[in-house]
Amino acid sequence: MKVVGVMFIALCGIFFAAWLMFVHHTEAYQLGVRWNVVSGELSMDESAGYHITPPWVFVSRIDTRPMRVCITSASRAFNCRLVQFVPSEYKSFVKVQGFSYWWWANRISFNLGYSEEYRGMRDLLRGYAYGVKKYPFVVTLTEYGEDE
């Protein structure tokens, strides 16, 4: 009975390790950006769902739903934009930002004074939406101001 338990745990461990190395999942509202470390090739998932890739292909997901991004301050002015990532421009985004797990960006952030978080893809889109230079991978859908 002890041997069966050890074998079961070993098989579960092997399955879990294979799952982590070979399988990734993208939702219908996400873009999966794949980077082949060996060849340097950059591509995207063609459809949502489960995908099997070799362990040398890293996959990062980007939420493509519209997001409200704001410049927060203690003033009574209200300055927000509804922005969206443009999936077809993922290569220009990686060219500017570099490849990483963007949801992980700046995860350790202590901003106790504001409800707006300074991490992840929302923070990256806020920076590009309010930047002086306009980038093709982020589009402003609506702009809210103090007088609205």
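In what follows, the structure referred to is the one given above.
Residues numbered from 1 in each chain as written. Predicted model: local features only at pLDDT ≥ 70, side-chain atom pairs only at ≥ 80, totals over all residues. Heavy atoms only, no water.

> Mind showing me how you'd approach the sheet that holds strand E3 (residues 42-44) here?
Where strands meet in a sheet, backbone hydrogen bonds hold them as pairs that are either parallel or antiparallel. Taken together, the three strands give an open sheet; going across it, the order is E3-E2-E5, and neighbouring strands pair in antiparallel fashion. The sheet is open, and its two borders are formed by E3 and strand E5 (57-63), each paired with just one other strand. Neighbour to neighbour, the strand axes of the sheet diverge by 25° on average, direction disregarded. Sheet topology note: the strand E2 (residues 30-36)/E5 ladder contains seven bridges and is antiparallel. Counted as the bridge partner of Arg34 is Val59 from E5. (Pairing = 2+ DSSP bridges. Helix = DSSP H or I, 4+ residues; strand = E, 2+ residues; numbered from the N terminus. Axes fitted to C-alpha atoms, helices over the stretch in contact; angles between N-to-C directions.)

> Quick question: what am I supposed to make of the environment of Val33 here?
Looking at the element boundaries, Val33 is found in strand E2. The class for Val33 is buried, based on a relative accessible area of 0%. Sequence-distant contacts of Val33, that is, excluding residues within four places in its chain, are made with Leu42, Ser43, Met44, Phe58, Val59, Ser60, Ile62, Tyr90, Val94, Phe99 and Trp102. (Buried < 20%, exposed > 50% of the residue type's maximum accessible area, 1.4 Å probe, protein only. Contact = heavy atoms within 4.5 Å.)

> Before we go on, may I ask you to explain a nonpolar patch on the surface in this structure?
Taken together, Phe16, Leu20, Met21, Phe22 and Ile52 make up a surface patch of nonpolar side chains, about 560 Å² in accessible area. Take the nonpolar patch: its biggest share by element is four residues, from helix H1 (residues 2-22). Note on placement: Met21 falls in helix H1. (Patch = residues over 30% accessible without salt bridge, like charges linked within 9 Å, V, L, I, M, F, W, Y side chains within 5 Å. Areas by Shrake-Rupley, 256 points an atom, 1.4 Å probe, with all protein chains shown as cover. Salt bridge = Lys/Arg side-chain N within 4 Å of Asp/Glu carboxyl O.)

> Explanation requested: the nonpolar core in the structure shown.
Looking at soluble globular proteins, one finds that nonpolar side chains tend to be buried together. Val33, Ile62, Phe85, Phe93, Trp102 and Met121 are the most contacted members of the largest nonpolar core, which has 20 residues in total. Within the residue set of this core, elements represented by two or more residues are E2, strand E6 (67-70), strand E7 (80-85), helix H2 (90-97) and helix H3 (120-129). It is H3 that provides the largest number of residues to this core, a total of five residues. (Core = buried A, V, L, I, M, F, W, Y, C linked by side-chain atoms within 4.5 Å.)

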